[in-house]
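These are the residues of each chain, in order.
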Amino acid sequence: MSLFLPKLTCKKDIDEVIKCVAEKVVVLRFGRDEDSVCLQLDEILSKTAHDLSNMASIYIVDVDKAPIYTRYFDISYIPSTVFFFNGQHMKVDYGSPDHTKFVGSFKTKQDFMDLIEVIYRGAMRGKMIVQSPIDPQNIPKYDLLYHGI
């Protein structure tokens, strides 16, 4: 399903999108095209891309082609979804220790659409962190991995 979403293949492309997309949430899905959970998430992202086109621009990033960002955001589990607004990294309180990214796939299209709307409205009000509208039971649980400690 990621065939329908634009792919960013290098750091320059990612930087350009983060800097140049204005007044919209930039959604970067980090993962691999052949991973089954990534494909599940890609299906949700592609089905909602048109409905969210006024609020969000959605892109696919292969973790193997963007190692700088993979390390920067500590992408240990895939898929991981990161959000930006007007060049600023948007954080979301999911009730987990990591507010920088959403790890795993969304359970429903509505969960993803609700999250984008909350991020968009919060960003338009100048907030850098927002509270997740997703039911805690629909948020995948994982342990943070700290490398080199």
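All values reported here derive from a predicted model rather than from experimental measurement. (Residues numbered from 1 in each chain as written. Predicted model: local features only at pLDDT ≥ 70, side-chain atom pairs only at ≥ 80, totals over all residues. Heavy atoms only, no water.)

**Q** Just checking my understanding: could you explain the pattern of salt bridges for this structure?
**A** Once the charged atoms of two side chains with opposite charge are near each other, the side chains can pair. Applying the stated rule across the entire model yields eight salt bridges. Residue Asp 98 pairs with Lys 101 through a salt bridge whose shortest N-O separation is 2.6 Å. With a shortest N-O distance of 2.7 Å, Arg 121 and Glu 117 are connected by a salt bridge. Separated by four residues within a single helix, Arg 121 and Glu 117 lie in helix H4 (residues 109-124), roughly one turn from each other. A residue is classified by how much of its surface remains accessible, and Glu 117, at 29% relative accessible area, is partly exposed. (Salt bridge = Lys/Arg side-chain N within 4 Å of Asp/Glu carboxyl O. Helix = DSSP H or I, 4+ residues; strand = E, 2+ residues; numbered from the N terminus. Buried < 20%, exposed > 50% of the residue type's maximum accessible area, 1.4 Å probe, protein only.)

**Q** What exactly am I supposed to notice about helix H2 (residues 36-49) here?
**A** Owing to its 3.6 residues per turn, the α-helix brings residues three or four apart onto one side. Helix length check: H2 (14 residues) gives 20 Å between terminal C-alpha atoms against 20 Å at 1.5 Å per residue, within 8%. For H2, the full list of buried residues reads Cys 38, Leu 41, Asp 42, Ile 44, Leu 45, Ser 46 and Thr 48. Along its buried surface, H2 packs onto strand S2 (25-31), strand S3 (56-62), strand S4 (80-85) and H4. (Expected span 1.5 Å × (residues − 1). Contact = heavy atoms within 4.5 Å.)

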